[in-house]
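So you can see what is in the structure, the chains are spelled out below.
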Amino acid sequence: MHEHRDGTVAGQAPLGVCVLGATGSIGDSTLKVLALHPQRYRVVALSGQTRLARLAELTAQFAPQQVVVPTGQTGAFLALLQAQSVPQPWPEVLEGEAGLCAMAADPAAPVVMAAIVGAAGLAPTLAAVRAGKRVLLANKEALVMAGSLFMQAVRQYGATLLPVDSEHNAIFQCLPADYFSSAQCLHQGPSRAGVRQILLTASGGPFRGWRHEQLQSVTPEQACRHPNWQMGRKISVDSATLINKGLELIEACHLFELPPERVTVVIHPQSVIHSMVQYVDGSTLAQLGRPDMCTPIAHALAWPERLDSGVADLDVFALARLDFEAPDEQVFAGLRLAREAMQAGGLMPAVFNAANEVAVEAFLNGQLGFCQIPVLIESVLTQFSSGTADTLSAILAADQHARVLASDWLGRRG
């Protein structure tokens, strides 16, 4: 992780920001923070996938120079701009993955929020890294699928990578300043810059404490009803299965150069402590705050400075209690499978991610039971012969192969 300082000084023009995935929940929170600081930041590029009407509204509000829409949707998007009486000049409209990559690499935006959900976010996020930008990483799949390749590119191109997931951002805030420059390595030694291990917190989702038989009849509506966070449907299901925490474990290993055994998942239902770092002297540092994504987004935007996120202060006097418990990896087997995929290394994390995406989509469409999600994933992992994840083409080929295996599994069940 390379430490470059981005920001404005007196008399300097606002810093250009590109928001990949502007119409999702992370994009929405990002734009809220940016709107609080118009003198410091300017939205120069936006992308959206399914909610074109919302993208048109954001175009009217922020007047970006570029917008990326799905392939073949330029006409429909321009019609929406006209219907909403968006004043001209309208932005340049690009399409598809090529458009996303071009927009992410455009020098008009030194800062890129990478918030596209799923494997679709990998190529444009990597394009932003290769352009040497400050990348605010909310896209898990970039690290889960291509962690080694991705981090190598960060170092090679001098990009600044700042985690936006609340847990990884919390870890980043709790690490010592010399952590990334330390010659020590937690893969071999007992500590690195005094750090012994990371405690990755998880709310436990809506089914914390449920038994396996209780989960058999879970519906998509129940799974998407998270007790603490407002999130999209896919990530809500991942939180309910604890697979989201498995993906975050893989992310943490890459971001902080850790072996999986140095990342301990802790169930913390209040979602007040966002993660912790344990040191060799017995100290444990924690980052606390309200469960609002605007806080880590504001931190990543302004780092190493701080700016107003629009989030109210945490009222410590109102905290009646803080609870912690170990996750049940027999009931929530997806977390175990994620750790095993990271331990196997190579292409296996990408395979894990692809199988999960297929499984979650099938669950949301009523084709698969909640408890069958990890069963499908384990079947795909078992069938797959791992290889090295040293090129993007190899990673994407593994992703597609895993999806075929997952679809075949679904087909046999049907």
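Residues numbered from 1 in each chain as written. Predicted model: local features only at pLDDT ≥ 70, side-chain atom pairs only at ≥ 80, totals over all residues. Heavy atoms only, no water.

**Remarks on the packing of helix 6 (residues 140-157) against helix 14 (residues 348-364)**
Think of two packed helices as two axes; the pair is described by the angle between the axes and how far apart they sit.
So, point 1. Across the interface, helix 6 lies against helix 14 with an axial gap of 7 Å and an inter-helix angle of 135°. The pairing of helix 6 with helix 14 is recorded here as oblique in orientation. Contact residues: Glu141, Val144 and Met145 in helix 6; Pro349, Ala350, Asn353 and Glu357 in helix 14. (Axes fitted to C-alpha atoms, helices over the stretch in contact; angles between N-to-C directions. Helix = DSSP H or I, 4+ residues; strand = E, 2+ residues; numbered from the N terminus. Parallel < 35°, antiparallel > 145°, perpendicular 65-115°, else oblique. Contact = heavy atoms within 4.5 Å.)

**Observations concerning helix 2 (residues 52-62)**
So, point 1. Three or more residues of helix 2 are buried, namely Leu52, Leu55, Ala56, Leu58, Thr59 and Phe62. When helix 2 is viewed along its axis, its buried side chains cluster within an angular range of 160° and face the same direction.
So, point 2. Next to the buried residues of helix 2 lie helix 1 (25-35), strand 2 (41-47), strand 3 (66-69) and helix 3 (74-83).
So, point 3. Where helix 2 terminates, the next one or two residues include Ala63, which has phi positive at roughly 50°. (Buried < 20%, exposed > 50% of the residue type's maximum accessible area, 1.4 Å probe, protein only. Arc of directions from axis to C-beta.)

**Details of the environment of Gly147**
So, point 1. Take Gly147: it is sitting in helix 6.
So, point 2. C-alpha of Gly147 to C-alpha of Ile250: the two residues are 103 residues apart in sequence and 8.4 Å apart in space.
So, point 3. In this view, Gly147 contacts Ala142 and His254; residues no more than four positions away in its chain are not counted.

**A closer look at a nonpolar patch on the surface**
So, point 1. On the surface, Leu288, Leu322 and Phe324 cluster together to form a nonpolar patch covering roughly 240 Å² of accessible area.
So, point 2. Residue Leu288 is classed as partly exposed on the basis of its relative accessible area of 38%. (Patch = residues over 30% accessible without salt bridge, like charges linked within 9 Å, V, L, I, M, F, W, Y side chains within 5 Å. Areas by Shrake-Rupley, 256 points an atom, 1.4 Å probe, with all protein chains shown as cover. Salt bridge = Lys/Arg side-chain N within 4 Å of Asp/Glu carboxyl O.)

**A short note on the confidence of the model for the protein chain**
So, point 1. The pLDDT averaged across the protein chain works out to 92; a share of 96% of its residues lies at or above 70.
So, point 2. Confidence drops under a pLDDT of 50 for residues 1-9, and excluding neighbours within four residues, the segment shows 27 contacts in the predicted structure. (pLDDT = per-residue confidence, 0-100.)

**Thoughts on the packing of helix 1 against helix 12 (residues 294-302)**
So, point 1. Close contact between helix 1 and helix 12 brings their axes to 9 Å; oriented N to C, the two are set at 60°. One element, helix 1, and the other, helix 12, form an angle in the oblique class. Seen from above, helix 1 lies across helix 12 with right-handed handedness. Of the residues in helix 12, those touching helix 1 at Ile26, Ser29, Thr30, Lys32, Val33 and Leu34 are Cys294, Ile297, Ala298 and Leu301. (Left-handed = near helix turned anticlockwise from the far one by under 90°.)

**Details of the side chain of Glu251**
So, point 1. Tracing the backbone shows Glu251 in helix 11 (residues 243-255).
So, point 2. Summary of buried charges: Glu251 has no salt-bridge partner, and the nearest side chain of opposite charge, Lys140, is 4.4 Å away.
So, point 3. The contact partners of Glu251, leaving out residues within four places of it in the chain, are Leu137, Lys140, Leu143, Val144, Asp165 and His168. (Lys, Arg positive; Asp, Glu negative; His and termini not counted.)

**Some points on the nonpolar core**
One recurring pattern in soluble globular proteins is that nonpolar side chains are buried together.
So, point 1. Residues Phe150 and Phe256 are the most contacted members of the largest nonpolar core, which totals 141 residues.
So, point 2. With 11 residues, helix 14 is the largest single contributor of residues to this core.
So, point 3. Setting aside residues up to four positions removed in sequence, Phe150 forms contacts with Thr125, Leu126, Val129, Leu137, Ala142, Leu143 and Leu161. (Core = buried A, V, L, I, M, F, W, Y, C linked by side-chain atoms within 4.5 Å.)

**Some thoughts on the environment of Leu396**
So, point 1. Within the secondary structure, Leu396 is located in helix 16 (residues 392-413).
So, point 2. As a C-alpha pair, Leu396 and Ala354 span 42 residues in sequence and 9.8 Å in three-dimensional space.

**With respect to the pattern of salt bridges**
So, point 1. Going through the model one piece at a time under the given rule, you end up with 19 salt bridges.
So, point 2. Where Arg208 meets Glu325, a salt bridge forms, and the shortest distance between an N and an O atom there is 3.3 Å. Residue Arg208 is located in the loop between strand 8 (195-202) and helix 8 (212-215), and its partner Glu325 is located in the loop between helix 12 and helix 13 (333-344); the two are separated by 117 residues in the primary sequence.
So, point 3. On the basis of relative accessibility, which here comes to 39%, the residue Arg208 falls in the partly exposed class.
So, point 4. In this structure Glu325 comes out as partly exposed when scored by relative accessible area, which is 34%.
So, point 5. Across the salt bridge formed by Asp323 and Arg321, the nearest N and O atoms sit 2.9 Å from each other.
So, point 6. Relative accessible area serves as the criterion here: at 22%, Asp323 is assigned to the partly exposed category.
So, point 7. On the accessibility criterion, Arg321 (55% relative accessible area) is exposed.

**Focus: the packing of aromatic side chains**
So, point 1. Evaluated as defined, the whole model comprises seven aromatic pairs.
So, point 2. Between Phe180 and Phe256, the aromatic rings sit 6.4 Å apart at their centres with planes inclined by 35°, giving tilted as the arrangement. Taken as a pair, Phe180 in the loop between helix 7 (166-174) and strand 8 and Phe256 in the loop between helix 11 and strand 9 (263-267) lie far apart in primary sequence, 76 residues in all.
So, point 3. Given a relative accessible area of 18%, Phe180 falls into the buried group.
So, point 4. Among the aromatic side chains, those forming a connected cluster through ring pairs are Phe172, Tyr179, Phe180, Phe256 and Trp303.
So, point 5. Just above the ring of Tyr179 sits the side chain of Arg192; from NZ or CZ to the centre is 4.6 Å. (Phe/Tyr/Trp six-rings, centres within 6.5 Å; stacked < 30°, edge-to-face > 60°. Lys NZ or Arg CZ within 6 Å of the ring centre and 35° of its normal.)

**Notes on the pairing of strand 3**
So, point 1. Alternating positions in strand 3 separate into two faces, Gln66 and Val68 on one and Val67 and Val69 on the other, with burial throughout.
So, point 2. Across three bridges, strand 2 lies against strand 3 in parallel orientation. Residue pairing across strands places Leu46 opposite Val67, the latter belonging to strand 3.
So, point 3. Handedness of the crossover is the feature at issue here: the chain leaves strand 2, passes through helix 2, returns alongside strand 3, and the resulting connection is right-handed.
So, point 4. Relative to strand 4 (residues 92-95), strand 3 runs parallel, the two sharing four bridges. Among the inter-strand pairings, Val67 is bridged to a residue of strand 4, identified as Val93.
So, point 5. A crossover connection joins strand 3 to the parallel strand 4 through helix 3; in handedness this β-α-β unit is right-handed. (Pairing = 2+ DSSP bridges. Right-handed = clockwise from strand over helix to strand, strands pointing away.)

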